[in-house]
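# Geometric and topological summary
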Amino acid sequence: MPENYTDPSGNTEAFRAFNQTPEAAASTEAPSRLPLIIGAAVVVVVLVALVAWLATG
């Protein structure tokens with residue numbers, strides 16, 4: 001490490017400045033909606049199969 005490196009946890013002011021960088025805000029992503037879409041597709045397939053089974057039976 002270079003000697004002029006300042007540990008952000010060394011004092012409160014440096015830690016707050018480090019904590020408010022745009023990189024920290026960018027890491028909070030929304031959760032993926034893929035499981036919701038897959039679950040909805042499975043429900044639709046099951047319902048279509050149920051309706052088809054009832055219509056033929």
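This next bit is on helix H3 (residues 34-56). Taking 1.5 Å of rise per residue, 23 residues should cover 33 Å, and H3 covers 33 Å from first to last C-alpha, within 8% of that figure. The element H3 is largely exposed, with a buried count of 0 among its 23 residues.

Below, the discussion takes up the UniProt feature "transmembrane region" (unreviewed entry) in the protein chain. As annotated in UniProt, the feature "transmembrane region" (unreviewed entry) corresponds to residues 36-55 in the numbering used here. Split by type, residues 36-55 is 100% helix and 0% strand. Its first and last C-alpha atoms lie 29 Å apart.

Before going further, it helps to examine the confidence of the model for the protein chain. When pLDDT is averaged along the protein chain, the result is 81; 77% of the residues meet or exceed 70. Of all helices and strands in the protein chain, the one with the weakest mean pLDDT is helix H2 (residues 22-26) (58), whereas H3 scores best (96).

Cut-offs applied
Residues numbered from 1 in each chain as written. Predicted model: local features only at pLDDT ≥ 70, side-chain atom pairs only at ≥ 80, totals over all residues. Heavy atoms only, no water. Helix = DSSP H or I, 4+ residues; strand = E, 2+ residues; numbered from the N terminus. Expected span 1.5 Å × (residues − 1). Buried < 20%, exposed > 50% of the residue type's maximum accessible area, 1.4 Å probe, protein only. UniProt positions renumbered as here; feature names shortened; annotations may be inferred. pLDDT = per-residue confidence, 0-100.

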